[in-house]
Amino acid sequence: MNYTKLSKKISRALRHVPWEYELELDIEGFVPVEQLIYAINESGDFDRPIDVSDLEHIIEISDKKRFEIKDDKIRALYGHSIPMHISKAVIAPPDILYHGTTHKALDSILSSGLKPMGRQYVHLSVDTDTAVQVGKRRDKSPVILVIDAHKAHTDGITFYEGNDKVVLADYVPERYIKIK
Ligand code: HQG
């Protein structure tokens, strides 16, 4: 089983185009595990039918906690781009958060803040290692931004739960952002 390919397929189904898999996410982004398995198996893209243990395996081996299984339902914990708004739990953020980005995006971010761009939320990292990993997807020597999340939160910016490494926000104004 190609677990990387399967993980990408699940990301696509749960974050971006659930309708292509005849899936309907609930408000928190969950779908019944059975329905996801059925949809993946219908696609015929893998060398054998998958079952729930394959989904559990992906969650277990991944360095990123992308998915969560709860009460026979599965969801992506972050990354959504679908039009339907996914509701996330509001949290008090750690005092400092980080964001890894490209040199190309820097001027725009420093003048107009961090925006969700193609996704529903801005994705922030709880540590610099994670921010570097995120930034390296697009820039071999990414820019690491430091977010004064304590001040932003005190001023009324809302933060949401992603996973143990990812914190989400609707928008981070430029006054809370500096270059590391
Ligand atoms: C940038 C992956 C110009 C932002 C990662 C980023 C993450 C701006 C890009 C998760 C901007 C959006 C999300 C502004 C933000 N002007 N550019 N005002 N504000 N940007 O992929 O945070 O592997 O949507 O800096 O690891 O890179 O898929 O967001 O470069 O956790 O599980 O616009 O996706 O996780 O890019 O990544 P993205 P992201 P997975």
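Residues numbered from 1 in each chain as written. Predicted model: local features only at pLDDT ≥ 70, side-chain atom pairs only at ≥ 80, totals over all residues. Heavy atoms only, no water.

J.: How would you explain the nonpolar core if you had to name every residue and give the values?
T.: Ile 10, Leu 14, Leu 36, Leu 55 and Ile 74 are the most contacted members of the largest nonpolar core, which totals 23 residues. For this core, the secondary structure elements donating two or more residues are helix 1 (3–16), helix 2 (33–43), helix 3 (52–61) and strand 3 (73–76). Top contributing element to this core by residue count: helix 2, with five residues. In contact with Leu 36, other than residues within four places in its own chain, are Ile 10, Ala 13, Leu 14, Leu 23, Val 31, Leu 55 and Ile 74. Grouped together as the second largest cluster of nonpolar side chains are 18 residues, Leu 97, Leu 145, Phe 159 and Ile 177 included. (Core = buried A, V, L, I, M, F, W, Y, C linked by side-chain atoms within 4.5 Å. Buried < 20%, exposed > 50% of the residue type's maximum accessible area, 1.4 Å probe, protein only. Helix = DSSP H or I, 4+ residues; strand = E, 2+ residues; numbered from the N terminus. Contact = heavy atoms within 4.5 Å.)

J.: Describe the sheet that holds strand 2 (residues 67–70), with residues and values.
T.: Either a parallel or an antiparallel arrangement is found when strands of a sheet pair, and the pairing is made through backbone hydrogen bonds. Within the open sheet, the three strands sit side by side as 1-3-2. Their pairing is antiparallel. Whereas interior strands pair on both sides, the edge strands pair on one side only; in this sheet they are strand 1 (31–32) and strand 2. Taken together, the four bridges between strand 2 and strand 3 define a ladder with antiparallel strand orientation. Its bridge partner being in strand 3, Glu 68 is matched across the sheet by Arg 75. (Pairing = 2+ DSSP bridges.)

J.: Tell me what's going on with the domain arrangement of the chain, and back it up with residues and numbers.
T.: Domain assignment breaks the chain into domain 1 (3–76) and domain 2 (90–179). Taking only C-alpha atoms, the centre of domain 1 and the centre of domain 2 are 27 Å apart. Across the contact, five residues belong to domain 1 and five residues belong to domain 2. Summing both partners gives a buried area of about 370 Å² for domain 1 against domain 2, and 37% of it is carried by carbon and sulfur. Across the contact surface, domain 1 and domain 2 share zero salt bridges. At the junction of domain 1 with domain 2, the criterion picks out two residue pairs in polar contact (both at pLDDT 80 or more). (Domains from an automatic or database assignment. Buried area = accessible area lost by both parts, 1.4 Å probe. Salt bridge = Lys/Arg side-chain N within 4 Å of Asp/Glu carboxyl O. Polar contact = N/O pair within 3.5 Å; in protein donor to acceptor, adjacent residues only side chain to side chain.)

J.: Give me the lowdown on the site of the ligand, citing residues and values where you can.
T.: Close to the ligand lie 19 residues, the nearest being Lys 64, Arg 66, His 99, Thr 101 and Ser 108. At 2.8 Å, a side-chain N or O of Arg 15 approaches an oxygen atom of the ligand. The side chain of Ser 108 places a nitrogen or oxygen atom 2.5 Å from a nitrogen atom of the ligand. For the ligand, the accessible surface in isolation is 790 Å², of which the surrounding protein chains cover 88%. For the ligand, the cavity whose grid points lie within 2 Å of the majority of its atoms is the largest pocket. Mapped onto the shell around the ligand, the elements with two or more residues apiece are strand 5 (96–101) and helix 4 (103–112). Top element by residues in the shell around the ligand is helix 4. It accounts for four residues. Partitioning the shell around the ligand into residue classes produces six nonpolar, six polar and seven charged. Per-domain counts for the shell around the ligand show at least three residues from each of domain 1 (3–76) and domain 2 (90–179). (Near = heavy atom within 4 Å. Areas by Shrake-Rupley, 256 points an atom, 1.4 Å probe, with all protein chains shown as cover. 1 Å grid on protein atoms, 1.4 Å probe; cavity = no way out; pocket = protein on both sides within 12 Å on 5 of 7 lines; lining within 4 Å. Sits in = over half its atoms within 2 Å of the grid points. Nonpolar A, V, L, I, M, F, W, Y, C, P; charged D, E, K, R; others polar.)

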